[in-house]
Amino acid sequence: MPLHQNYAAALTACNEIDPADAALKEAAYEDAKLAFEALATPLKHTQDLPAATA
């Protein structure tokens, strides 16, 4: 599951940055946000399926 690994790596990198370095923290957060969106996109189609009726 490479998309999950990409998100985990981006989030880890973001969390390791000193909060005092706002510019670097913001850039790392953007990377984590993009990785999350890439991970969520293929999963979104499962939310759009009609509910199963019994």
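Structural data are supplied above this passage.
Model, not experiment: these values are computed from the prediction.

Asks: When you look at the overall build of the protein in this model, what are you seeing that I'm missing?
Replies: For the protein, the helix and strand inventory stands at two helices and zero strands. Burial statistics for the protein: of 54 residues in total, 13% are counted as buried. Carbon and sulfur atoms make up 63% of the accessible area of the protein, which totals about 4400 Å².

Asks: Would you explain a negative patch on the surface in this entry?
Replies: There is a patch of like negative charges on the surface, built from E26, E30, D31 and E37. When its relative accessible area of 38% is taken as the criterion, E37 is described as partly exposed.

Asks: How do you make sense of the environment of T41 when you look at a structure like this?
Replies: Topologically, T41 is positioned in helix α2 (residues 22-47). Within the structure, T41 has its side chain in polar contact with the backbone oxygen of E37 (distance 2.7 Å).

Asks: Got a minute to help me understand the environment of C14 in this structure?
Replies: With respect to the helices and strands, C14 occurs in helix α1 (residues 2-16). Remark: the alpha-carbon pair of C14 and E30, spanning 16 residues in sequence, is separated by 9.1 Å. Excluding residues within four positions of it along the chain, C14 makes contact with K25, A28 and Y29.

The rules we used
Residues numbered from 1 in each chain as written. Predicted model: local features only at pLDDT ≥ 70, side-chain atom pairs only at ≥ 80, totals over all residues. Heavy atoms only, no water. Helix = DSSP H or I, 4+ residues; strand = E, 2+ residues; numbered from the N terminus. Buried < 20%, exposed > 50% of the residue type's maximum accessible area, 1.4 Å probe, protein only. Areas by Shrake-Rupley, 256 points an atom, 1.4 Å probe, with all protein chains shown as cover. Patch = residues over 30% accessible without salt bridge, like charges linked within 9 Å, V, L, I, M, F, W, Y side chains within 5 Å. Salt bridge = Lys/Arg side-chain N within 4 Å of Asp/Glu carboxyl O. Lys, Arg positive; Asp, Glu negative; His and termini not counted. Charge placed at Lys NZ, Arg CZ, Asp CG, Glu CD. Polar contact = N/O pair within 3.5 Å; in protein donor to acceptor, adjacent residues only side chain to side chain. Contact = heavy atoms within 4.5 Å.

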